[in-house]
Amino acid sequence: MNPFEYRRPKTLRETLRLLAAAKDGAKLLAGGTDLLIQLKERRTLPSLVVDIKAIPELQRLEHVSQRGLHLGAAVSLNRVLDYPLLAQHFPILAQACVQLGSLQIRSRASVGGNLCNASPAASTAPSLLCLKAQAVIAGPGGRRRILLEDFFQGPNQTALGKDELLVEVFVPTPSPSSRGCYLQLTQRQEMDIPMVNVACLLTLGRGGRCQQARVALGAVAPTPIRARRAEALLEGHALNSQAIQEAAEAAAKESSPIDDVRASAEYRREMVKVLTRRALQSCLEEAASP
Amino acid sequence: MSKPKVVGQRVPRVDVPDKVTGRAIFAADVAISNALASAVLRSPHAHAKIRRLDVSRARTAEGVAAVITGQDLLQAQGLTMEEARRLRPALRQHYLAWDKVIYAGQAVAVVAATTQEAAQKALGLIQVDYELLPSVTDVETAMKPGAPALHPNLAVRISAKVEVSDNVVMRTEIRKGDVAAGFAQADIVLEETFRTQMVHQGYMEPHAVTASVAADGKITVWTTTQGSFSIRQGISQTLNIPDSQLRVIPTEVGGGFGAKAFTLIEPLCVLLAQKAGRPVKMVMSREEEFIAATPAPPVVYRLKMGATRDGRITAAEGTAIFDAGAFAGEMAPSAMDSLALYKVPNLSLEHFQVVTNKPPVGAYRAPNHPQGAFASESMLDMIAQSLSLDPLELRLRNAVQDGDATPDGVPLGRIGFKETLQRIREHPIWREKPKAGRSRGLACGVWTPAALTSTAQLQVTPDGSFALTMGSVDITGVRTTMAQIVAEEFGLDMKEVAVTTGDTDTAGYADVSGGSRTTRTTGTAVLRACQDVKAQLRERAAAQLRVSIEDLEYGDKKFWANGSPKTSVSIEAIAGKAVFGRGDVIVGHGQCSRLGREPAYAVHVAEISVDRETGQVQVERYVAAQDVGFALNPTLVEGQLQGSAVQGIGWALSEGYVYRNGILQNPNFLDYRMLTAADLPPIEPVLVEVAAPDGPYGARGVGEPPIIPPLAAVANAVSRAIGIRITSLPMTSEAVWRALKARGQA
Ligand SMILES: Cc1cc2nc3c(=O)[nH]c(=O)nc-3n(C[C@H](O)[C@H](O)[C@H](O)COP(=O)(O)OP(=O)(O)OC[C@H]3O[C@@H](n4cnc5c(N)ncnc54)[C@H](O)[C@@H]3O)c2cc1C
């Protein structure tokens, strides 16, 4: 590891000041489960590391009823998972969080870090895309709020400027009649990065008609993506296994995976189909059960 | 022997409290106050000539105390470049490149500096001009005439039936009977080619060494190793240092599985310490462990077998190609050994060893046997399927038994193969039908430990306690089992026995701990040391009691004359006399370097399910049965069976080096996937005890056999589940999906 200065500011203002002063040379540290590896492997050589865990706003975890969840960027996944209202209102987020890394990793890792690291395979991204999450960003010019969809710009690239940071993710509470499912395919049960991950969130009306559909995919494009054509095939239709199959195939077509050491593009595309179909099927089954 | 009280018991490991509380001192914990840190420059290319290597700027960089290159090593070895070139193919270890690099990751220069950062920084100042050469990482391509040659002037004559390239560095052959006649008698003849990948031993603790040179030149080395004497030999031979000038102190070992049996970075550390005039510490990173240690060889194994309709094997013929990596190594005739489970009247096996631009391979638990058994045990399953025979019955029909000759003609002594098969036959996993959606696979394995040499020294201390010193390194609980033996022999409490692994200056010689030999050979040496001490004590007791030795009785740490238990003399009284010049100290010695050939057999059953859409394999249940002879400590023995099975299942399902253009793509534990507790069911051990006449209390070697069957056991289960024979490992979900897709079933 290269030597660097370490700071642990207690306020957002102080953090922004440090970022501005460091110009390009600062790195933010949340749980460090991505950053520390990058530091050790010299993939990043910051002169300053700013630990953001002591900033109160970044540790906020609060569900404002009817509106949504304020998920501070530095909150650990285990804390998120312990939050009593999570499984009730945001089951697909809970399903994603609980499958990330391992118990030890989850006690350090944050949702903010997961999103800011911007891996195309980030476990929490597809669910948050389905939930229409927003990124609350602070910078020298104040705060701004963007849709998570617009946050990811490429592999390890986000809409954050050099002098900005993610304060929280705001997750609007989905309709009580919505049903969701998150699935990921890994070679190992734990300690693995998804070869493909898929989240679906359906709002179903009477007679199984789909009022709104969200389908998001990970690890199969330069960023986590929404499968819009699949969504369009589902919305406004009565869902049956044929509709689901067609949507799954559309999702596979919308993906643009690559070959890498974890899986081939061909396999990934096929698995998008399998996982999307299974996730949608599970939503339907859940909707059907009392 | 009366009923044992300490051996055979589940005695807790003596080393564990320190390990689980972080107190144990591993090699990387050794901290000499003025020691230098170090960093290694490694080749980024799979195959290249070194046109120019300039370390002058690094030598003068801030904080740098010494830089060594291949030239320095040759100088220390007293070799010229020309001699070195001639010797190269025969070198098993190749610590630093000199005129060319033969695999990506090969060490080119090593820097010692005051801090890790300074050493790292200095690496950036080293200039190397490489002239790239074509490389080859695939053994079948490497073998073909015209393939890029790794060691062009290699003078090894290979009389193969086919034309091969110079990369073939060794060929051996085993023949027995008349194969053509054997196949003619067969009702079915099957042939298949099986492939395994290069895998890593996966030890938790990376290599770490500290070397310090005293004012008189005497060198002390602290290292993580399976055998301190092996390290001493490796260093002394490489650097021409007499044994008397070298002391190797083994630290606690965080796993080795064969990869810590021989020197890897120790000679470099010593040479750096000599050059720098200060102690030097070297610690490998996980990535270095993957790219530059000694993984296990991949094997391509074509095997043909014939059998009669009632399931009797009539002949086997095969060719096994071992990928040795960058240098020629030793080659265990694994193909023969995996067929040695059965009576095969007609046999013809050819082994090739081929070099490729990959790290040199080394030992990994039961070296080369899992790969061989993957082929032969898969083939037996195929025969069982074609003949609609129960795979366990097929094995019982062909299993070798006491007195049968092995392929090399030595008759077997008392063995427990059939007993182990029978235990599985009675086990619920075989007796009961699998649940819907699950399939089972069975496979067997055998390992015959070599004895090698061990010594032990046992002292009785003035208060009547016992102190055992041995040269054997404790990798599996050896200190615990050896203390159990002493406690058993003298009727002691475990607390009354101190047990230490000495270093090369303080302990008697011992070969490496490995190959399932340690409990047997060191255990026998310890038993002999106990006998020696007993004889000395009895002599002393007889003199004190004024009776003849034959009339002595022993119990509760006391001797008395036959029939008069009231007048006794205690061990404490005898030992207490033997200090301050009042008498001779009681020190017993024992050694062992020869034991009978006593193979140990393992029979495993894997029960799995397959997700036919994703190809994902889930191991649902796993039973590992083994003839262990006598379990000196059942908990430790079961641990060997379980750990081995997990390694073998990982080899079957998810582990494997992935190369692209000569570069390893997955040199980390994220993308080199060893299985974790979350992936596996509890591994159920079944201990069978058919005593080995020569083993201590009948013990057989236990560490190697259980890694042999899992590859085939899992593959047989998967093949039965999907109805397609899997012949290549690992069976990742994508690989299984591809197999299904090729049949139009995914
Ligand atoms: C063994 C292991 C298993 C893993 N398994 C998974 C897995 O299954 N799925 C998965 O998606 N990931 C996995 N990861 C990766 C990692 O754990 C996650 O991405 C995690 O959520 C990162 O969070 P963190 O708080 O540790 O981030 P950090 O490492 O602290 O930060 C990650 C990056 O984001 C930046 N950053 C952090 N917070 C902010 C902020 N508020 N504003 C701006 N930038 C910020 C940092 O500078 C850094 O570049 C695994 C990692 C390991 C080591």
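Preceding this section is the structure that the text describes.
Notes on the structure in this doc start here. Not measured: the values here are computed from a predicted model. (Residues numbered from 1 in each chain as written. Chains lettered and ligands numbered in written order. Predicted model: local features only at pLDDT ≥ 70, side-chain atom pairs only at ≥ 80, totals over all residues. Heavy atoms only, no water.)

**Topic: the overall build of chain A**
Part 1: A tally of helices and strands in chain A yields 12 helices and 14 strands.
Part 2: Relative to the 2.2 N^0.38 estimate, which gives 19 Å for 290 residues, the radius of gyration of chain A is 19 Å and therefore close to what a compact globule would have.
Part 3: Sequence-distant contacts, at least 24 apart, represent 61% of the contacts inside chain A between residues at least 6 apart.
Part 4: Counting 36 positive and 27 negative side-chain charges, chain A places the centres of these two groups 4 Å from one another. (Helix = DSSP H or I, 4+ residues; strand = E, 2+ residues; numbered from the N terminus. Rg over C-alpha atoms; globule rule 2.2 N^0.38 Å. Contact = heavy atoms within 4.5 Å. Lys, Arg positive; Asp, Glu negative; His and termini not counted. Charge placed at Lys NZ, Arg CZ, Asp CG, Glu CD.)

**Some words on the overall build of chain B**
Part 1: Along chain B, the regular secondary structure elements total 21 helices and 28 strands.
Part 2: Scaling as 2.2 N^0.38, a compact globule of 746 residues should have a C-alpha radius of gyration of about 27 Å, and chain B matches this with 28 Å.
Part 3: For the C-alpha atoms alone, the extent of chain B along its principal axes is close to 85 × 75 × 45 Å.
Part 4: Here chain B, with 746 residues, has 60% of them falling under the buried criterion.
Part 5: Pairs at least 24 apart in sequence give 79% of the contacts found in chain B among residues at least 6 apart. (Buried < 20%, exposed > 50% of the residue type's maximum accessible area, 1.4 Å probe, protein only.)

**Topic: the sheet that holds strand β4 (residues 100-101) of chain B**
Residues and elements named next belong to chain B.
Part 1: A sheet is described by the order of its strands in space; here 3 strands give the open sequence β4-β2-β6, paired in antiparallel fashion. Both outer strands of the open sheet, β4 and β6 (127-132), are each paired with one neighbouring strand and no more.
Part 2: Bridge count between strand β2 (residues 48-54) and β4: 2 bridges; the pairing is antiparallel. Residue pairing in the sheet places Ala 48 in a bridge with Val 101 of β4. (Pairing = 2+ DSSP bridges.)

**A few points about the site of the ligand**
All names here are of chain A.
Part 1: Lining the immediate environment of the ligand, one finds 31 residues, of which Leu 28, Gly 31, Thr 33, Asp 34 and Ser 110 sit closest.
Part 2: Separating an oxygen atom of the ligand from a side-chain N or O atom of Asp 34 is a distance of 2.6 Å.
Part 3: The side chain of Ser 110 places a nitrogen or oxygen atom 2.6 Å from an oxygen atom of the ligand.
Part 4: Across the complex, the protein chains shield 92% of the 980 Å² of accessible surface that the ligand would expose by itself.
Part 5: With 4 residues, helix α7 (residues 111-117) is the single largest residue contributor to the shell around the ligand.
Part 6: Looking at the shell around the ligand residue by residue, the classes come out as 18 nonpolar, 10 polar and 3 charged. (Near = heavy atom within 4 Å. Polar contact = N/O pair within 3.5 Å; in protein donor to acceptor, adjacent residues only side chain to side chain. Areas by Shrake-Rupley, 256 points an atom, 1.4 Å probe, with all protein chains shown as cover. Nonpolar A, V, L, I, M, F, W, Y, C, P; charged D, E, K, R; others polar.)

**Focus on the pattern of salt bridges**
Any two side chains of opposite charge can pair, on the condition that their charged atoms come close.
Residue and element names in this part refer to chain B.
Part 1: In the structure shown here, the tally under the stated rule is 70 salt bridges over all chains.
Part 2: Note that Lys 19 is salt-bridged to Glu 252, the shortest N-O span being 3.3 Å. Within this pair, whereas Lys 19 is found in helix α1 (residues 16-20), its partner Glu 252 is found in the loop between β11 (246-250) and α9 (266-276), the two being separated by 233 residues in sequence.
Part 3: On the basis of relative accessibility, which here comes to 17%, the residue Glu 252 falls in the buried class.
Part 4: Two residues, Glu 607 and Arg 440, come together in a salt bridge whose shortest N-O distance is 2.8 Å. Taken as a pair, Glu 607 in strand β24 (residues 600-610) and Arg 440 in strand β16 (residues 439-447) lie far apart in primary sequence, 167 residues in all.
Part 5: Here Glu 607 falls in the buried class, since its relative accessible area comes to 3%.
Part 6: Overall, Arg 440 belongs to the buried group, its relative accessible area being 13%.
Part 7: If you follow the salt bridges from partner to partner, you end up with Arg 13, Asp 15, Lys 19, Glu 252, Asp 474 and Arg 479 in one network. (Salt bridge = Lys/Arg side-chain N within 4 Å of Asp/Glu carboxyl O.)

**Brief notes about the pairing of strand β19 (residues 497-501) of chain B**
All names here are of chain B.
Part 1: Note that strand β18 (residues 466-470) and β19 share 5 bridges and pair parallel. Looking at the pairing, Phe 466 lines up with Val 497 of β19.
Part 2: Considered for its hand, the β-α-β crossover made up of β18, helix α16 (residues 478-490) and β19 is right-handed. (Right-handed = clockwise from strand over helix to strand, strands pointing away.)

**Notes on the packing of aromatic side chains**
Part 1: Scanning all chains against the criterion turns up 15 aromatic pairs over all chains.
Part 2: Taking the centre distance of 5.7 Å and the plane angle of 75 degrees together, the rings of Phe 151 of chain A and Phe 152 of chain A count as edge-to-face.
Part 3: The exposure class assigned to Phe 152 of chain A is buried, which follows from its relative accessible area of 7%.
Part 4: Seen from their ring centres, Tyr 657 of chain B and Tyr 659 of chain B are 6.2 Å apart, and the 40 degrees between their planes marks the pair as tilted.
Part 5: Owing to a relative accessible area of 5%, Tyr 657 of chain B belongs among the buried residues under this scheme.
Part 6: One residue, Lys 304 of chain B, lies across the ring of Phe 183 of chain B, its end atom 4.6 Å from the ring centre.
Part 7: Note that Lys 534 of chain B overlies the ring of Phe 490 of chain B, its terminal NZ or CZ placed 5.8 Å from the centroid. (Phe/Tyr/Trp six-rings, centres within 6.5 Å; stacked < 30°, edge-to-face > 60°. Lys NZ or Arg CZ within 6 Å of the ring centre and 35° of its normal.)

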